[in-house]
Amino acid sequence: MEDILQPYVPTYHGLVKREDQTYIKMGDLLMGLESPSIMDCKMGFRTYLEDELAKALLKPTLRKDLYNKMVALDSQAPTLEEHLQKAVTKPRYMQWRESVSSTAVLGFRIEGVTIEAGSVKKNFKKMKSREQIMETFDTFTKSRQDILCYSAVKFQIQIRGFHLYDFPLLSQVIGSSLLFVHDRRGNTNVWMIDFGKTTPVPAHISLRHDVAWEPGTHEDGYLLGLQNLIDTLQKTIQIVEESREEAVDSSEHMGEQNIGDNEKMLLREEAEVKTTNGENNALMAPIQPGNRTL
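Rules of the game
Residues numbered from 1 in each chain as written. Predicted model: local features only at pLDDT ≥ 70, side-chain atom pairs only at ≥ 80, totals over all residues. Heavy atoms only, no water. UniProt positions renumbered as here; feature names shortened; annotations may be inferred. Pairing = 2+ DSSP bridges. Helix = DSSP H or I, 4+ residues; strand = E, 2+ residues; numbered from the N terminus. Axes fitted to C-alpha atoms, helices over the stretch in contact; angles between N-to-C directions. Parallel < 35°, antiparallel > 145°, perpendicular 65-115°, else oblique. Left-handed = near helix turned anticlockwise from the far one by under 90°. Contact = heavy atoms within 4.5 Å. pLDDT = per-residue confidence, 0-100. Buried < 20%, exposed > 50% of the residue type's maximum accessible area, 1.4 Å probe, protein only. Polar contact = N/O pair within 3.5 Å; in protein donor to acceptor, adjacent residues only side chain to side chain. Phe/Tyr/Trp six-rings, centres within 6.5 Å; stacked < 30°, edge-to-face > 60°. Lys NZ or Arg CZ within 6 Å of the ring centre and 35° of its normal.

Labelled according to an unreviewed UniProt entry, the chain appears under the name Kinase, originating from Staurois parvus. According to the UniProt record, the Sequence similarities (unreviewed entry) comment for the chain is "Belongs to the inositol phosphokinase (IPK) family."

(A) Molecular detail of the pairing of strand 1 (residues 12-18). Note: strand 1 against strand 2 (residues 21-26), five bridges, orientation antiparallel. Paired with Tyr 12 across the strands is Met 26, a residue of strand 2. Between strand 1 and strand 2, which pair antiparallel one after the other, the connecting turn spans two residues, and Glu 19 there sits at a positive phi close to 50°.

(B) Fine view of the packing of helix 2 (residues 64-73) against helix 4 (residues 90-99). Remark: helix 2 packs on helix 4, axes separated minimally by 10 Å, with the N-to-C direction vectors making an angle of 30°. When the axis of helix 2 is compared with that of helix 4, the two are roughly parallel. Crossing of helix 2 over helix 4 shows left-handed handedness. Seen from helix 2, the contacting residues are Leu 66, Lys 69, Met 70 and Leu 73; seen from helix 4, they are Lys 90, Arg 92, Tyr 93 and Trp 96.

(C) Examining the confidence of the model for the chain more closely. When pLDDT is averaged across the chain, the result is 84; 83% of the residues are at 70 or more. Counting contacts from residues 275-294, a segment whose pLDDT is below 50, to residues more than four positions away or on other chains yields one contact.

(D) Focus on unusual backbone geometry. Even without being glycine, Asp 20 reaches a positive phi, approximately 65°. Residue position: Asp 20 is located in the loop between strand 1 and strand 2. The phi angle at Lys 86 is positive, at roughly 55°, despite the residue not being glycine. For Lys 86, the location among the structural elements is in the loop between helix 3 (80-85) and strand 5 (88-89).

(E) Here's a closer look at the sheet that holds strand 8 (residues 177-182). One open sheet holds the four strands; their spatial order is 6-3-8-9, and the pairing between them is antiparallel. The sheet is open, and its two borders are formed by strand 6 (108-114) and strand 9 (188-193), each paired with just one other strand. Here the average twist between neighbouring strands, direction ignored, is 20°. Pairing of strand 8 with strand 9 involves six bridges; the strand directions are antiparallel.

(F) Highlighting the side chain of Ser 177. Structurally, the position occupied by Ser 177 is in strand 8. With a relative accessible area of 0%, Ser 177 lands in the buried category. There is a polar contact of 2.9 Å between the side chain of Ser 177 and the side chain of Asp 40. In terms of polar contacts, Ser 177 uses its side chain to reach the side chain of Lys 42, at 3.4 Å. Here Ser 177 is in contact with Asp 40, Cys 41, Lys 42, Met 43, Trp 191, Met 192, Ile 193 and Asp 194, once residues within four sequence places are set aside.

(G) Summary view of the packing of aromatic side chains. Enumeration over the complete set of coordinates arrives at four aromatic pairs. Between Tyr 93 and Trp 96 the ring centres are 5.9 Å apart and the planes differ by 45°, which places this aromatic pair in the tilted class. Separated by three residues within a single helix, Tyr 93 and Trp 96 lie in helix 4, roughly one turn from each other. For the pair shown, Tyr 93 and Trp 96 are each scored as buried. Seen in terms of ring centroids, Phe 137 and Phe 180 are 6.3 Å apart; in terms of plane orientation they differ by 35°. Their pairing is tilted. Separated by 43 residues along the polypeptide, Phe 137 in helix 6 (residues 130-141) and Phe 180 in strand 8 bring together distant segments of the chain. Take Phe 137 and Phe 180: they sit in the same class, and that class is buried. Members of the aromatic cluster, connected to one another through ring pairs, are Phe 137, Phe 155 and Phe 180. Geometry around Trp 191 places Lys 154 over its ring, the cationic atom sitting 5.3 Å from the centre.

The following block contains the structure:
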């Protein structure tokens, strides 16, 4: 609460003890929002600690529950041997899980979305391309440029904060999320949450956060993922703007076409009126005495 990252995290109100259990008391991030829309983005190029992977590799126990999770997402993912065993090891599952999402490609992935306090959608596990993510951003914000721009600007400021503050340089930020919130009145914010795996690295290691992870480096790629997130937001803003301009141009074109059609209709009606009036004048013209015929 006293460092440069304070604006990006929930307010901390200390510890509370109830029935021999200790809890962290934090600010309610949805307070005051009317029918809030919420999106959770998991950050970094991996969501597991190196220690977790190392321990799992030491005892690569076959697990049926992880096999079932893998098959539920992609029945073709397990090898023939894994299908026969109907089980996979935890290291295999952890690394595969990252590879099928945008985590391994962009350094972030969408975990869940709820729009205007509706049902929570979590069908993003295989979302990998930037285009798919842009469509989700567009749907989540209902094409509102003000919300998209707010998030992009706040992240740019956050990157500067990361470079100025020592904490991220000394700690690996693993499994942390960015929580996007906005409501129908336009109230908007983005918060850093989930620090259960944000831990210090060995003293001899200094992290950059903007390079890909290799075993032993403890790099998390947080800043790389954050920059990719900014780029994706900016491209979404550009597409929304272009779509809006196309809609305006199309509307103006339709208006001009309608005006042209209306002018043609008026001219046609005027011609019909003149023709009718001419016929009426001929019918109503008085017969001159010298022109009488029997």
